Amino acid sequence: MESASWVVTALSMLVAISALMVSLWSARRQTADAQKAAIMRLVAEFIVVCRTQDFQAAQRTVVAELRSESAPDPQGGISGLPEPLQSKVKQVGGFYQDLGTLVVLGVIPEYLIVALYYRFLREVWLAVWPYLEHERIALDAQNAGSVWGSFEHIAVYALDTPFADISKRFRRRTYVA
């Protein structure tokens, strides 16, 4: 009789442990799904911002004016740019800084952000860099911190990584005629 009691106890323990394992697995899965949903909401919000006419116009202006033959002298940094160009640079650079911060904090995968914004991320960075470099020098002299380090983080990744390597992370189909 004792052996039958022991078998029942062992089976009960096995069932309880199995139920606990299924419960833990389910909770972990739900947490991962919730995180993915939160990430997708963030990405969607950024996509909405970057698709507005105002943002796209600001981005085109920043790239065109800072890379033109008649571009302002970079020695004055971003703060030395005339208005409304300075505000547009801050709007566009701030957008990429916010995206970069989410990447650096591990909230959004780096490859996703760089794949979505690859072309303009690179173009804006190359246009803004000479001004940002001088802005940083001025801020360092005042011990006032740095500017757009997270923007730089994702820009360097975009500049150093061919788009083909980034796009391999996606399971995309390719049209063949």
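Parameters and conventions
- Residues numbered from 1 in each chain as written.
- Predicted model: local features only at pLDDT ≥ 70, side-chain atom pairs only at ≥ 80, totals over all residues.
- Heavy atoms only, no water.
- Salt bridge = Lys/Arg side-chain N within 4 Å of Asp/Glu carboxyl O.
- Helix = DSSP H or I, 4+ residues; strand = E, 2+ residues; numbered from the N terminus.
- Buried < 20%, exposed > 50% of the residue type's maximum accessible area, 1.4 Å probe, protein only.
- Expected span 1.5 Å × (residues − 1).
- Core = buried A, V, L, I, M, F, W, Y, C linked by side-chain atoms within 4.5 Å.
- Contact = heavy atoms within 4.5 Å.
- 1 Å grid on protein atoms, 1.4 Å probe; cavity = no way out; pocket = protein on both sides within 12 Å on 5 of 7 lines; lining within 4 Å.
- Points joined across faces, edges and corners; volume = space filled by probe spheres on them.
- Nonpolar A, V, L, I, M, F, W, Y, C, P; charged D, E, K, R; others polar.
- Axes fitted to C-alpha atoms, helices over the stretch in contact; angles between N-to-C directions.
- Parallel < 35°, antiparallel > 145°, perpendicular 65-115°, else oblique.
- Left-handed = near helix turned anticlockwise from the far one by under 90°.
- Phe/Tyr/Trp six-rings, centres within 6.5 Å; stacked < 30°, edge-to-face > 60°.

*Asks:* Hey, could you run me through the pattern of salt bridges in this one?
*Replies:* When charged atoms on two side chains of opposite charge get close, those side chains can pair. Inspection of every chain in the model, using the stated rule, returns three salt bridges. Of the charged contacts in the structure, one is a salt bridge between Arg119 and Glu123, with a shortest N-O distance of 3.3 Å. Here Arg119 and its partner Glu123 are both found in helix H4 (residues 110–141), four residues apart, which amounts to about one turn of the helix. Using a relative accessible area of 53% as the deciding quantity, one classes Arg119 as exposed. For Glu123, a relative accessible area of 25% gives the class partly exposed. The partner of Lys168 in a salt bridge is Asp165, and the shortest N-O contact between them spans 3.7 Å. The exposure class assigned to Lys168 is exposed, which follows from its relative accessible area of 65%. On the basis of relative accessibility, which here comes to 38%, the residue Asp165 falls in the partly exposed class.

*Asks:* I tried to follow helix H3 (residues 85–104) on my own but got confused; where do I start?
*Replies:* At 3.6 residues per turn, the α-helix brings residues three or four places apart onto the same side. Relative to the 28 Å expected for 20 residues at 1.5 Å per residue, H3 spans 28 Å between its end C-alpha atoms, a close match to the ideal helical length. Positive phi appears at Gly106, one or two residues downstream of H3, with a value of about 80°.

*Asks:* What is the right way to look at the nonpolar core in this model?
*Replies:* Proteins that are soluble and globular tend to have nonpolar side chains buried together. The biggest cluster of nonpolar side chains holds 41 residues, and the ones touching the most others in it are Leu66, Val89, Tyr96, Tyr117 and Val128. Among the elements of the structure, helix H1 (2–50), helix H2 (53–66), H3, H4 and helix H5 (149–160) are those that each provide at least two residues to this core. No other element matches the 14 residues that H4 contributes to this core. Apart from the residues lying within four places of it in its own chain, the contact partners of Leu66 are Thr61, Ala71, Leu81, Leu85, Val89, Ala127, Val128 and Tyr131.

*Asks:* Help me understand the layout of surface pockets in this model?
*Replies:* Any empty space left between atoms is shown by rolling a water-sized probe over those atoms. Estimated volume of the largest pocket: approximately 240 Å³. As for the largest pocket, its lining consists of Lys36, Ile39, Met40, Pro109, Tyr111, Leu112, Arg169, Phe170 and Arg171. Of all elements in the fold, only H1 and H4 reach the threshold of two or more residues within the lining of the largest pocket. Take the lining of the largest pocket: its biggest share by element is three residues, from H1. Of the residues that constitute the lining of the largest pocket, the class distribution is six nonpolar, no polar and three charged. Its boundaries defined by the atoms lining it, the second largest pocket holds a volume of some 180 Å³. Lining the second largest pocket, in full, are Ile47, Cys50, Arg51, Gln56, Gln59, Tyr96, Leu116, Tyr117, Tyr118, Arg119 and Phe120.

*Asks:* What is the right way to read the packing of H4 against H5 from this model?
*Replies:* To describe two helices that pack against each other, one gives the angle between their axes and the distance between the axes. Two elements in contact, H4 and H5, have axes whose closest approach is 7 Å; the angle formed by their N-to-C orientations is 120°. Accordingly, the angle class assigned to the pair H4 and H5 is oblique. Here H4 runs over H5; the crossing is left-handed. Along its contact with H4, which presents Glu110, Tyr111, Ile113, Val114, Tyr118, Leu121, Arg122, Val124, Trp125, Leu126 and Arg136, the element H5 presents Gly149, Phe151, Glu152, His153, Ile154, Ala155, Tyr157, Ala158 and Leu159.

*Asks:* What is the right way to look at the packing of aromatic side chains in this model?
*Replies:* Here a ring pair, both rings aromatic, is described through the centre-centre distance and the interplanar angle of the planes. Going through the model one piece at a time under the given rule, you end up with eleven aromatic pairs. Summarising the aromatic geometry, the rings of Phe55 and Phe95 are spaced 4.6 Å apart at their centres and angled 55° between planes, so their arrangement reads as tilted. Of the two residues, Phe55 sits in helix H2 while Phe95 sits in helix H3, which places them 40 residues apart along the sequence. Taken as a pair, Phe55 and Phe95 share a single burial class, namely buried. When the ring of Phe95 is compared with that of Tyr117, the centres are 5.6 Å apart and the planes differ by 80°; the resulting orientation is edge-to-face. With Phe95 in helix H3 and Tyr117 in helix H4, this residue pair connects regions lying 22 residues apart in the sequence.

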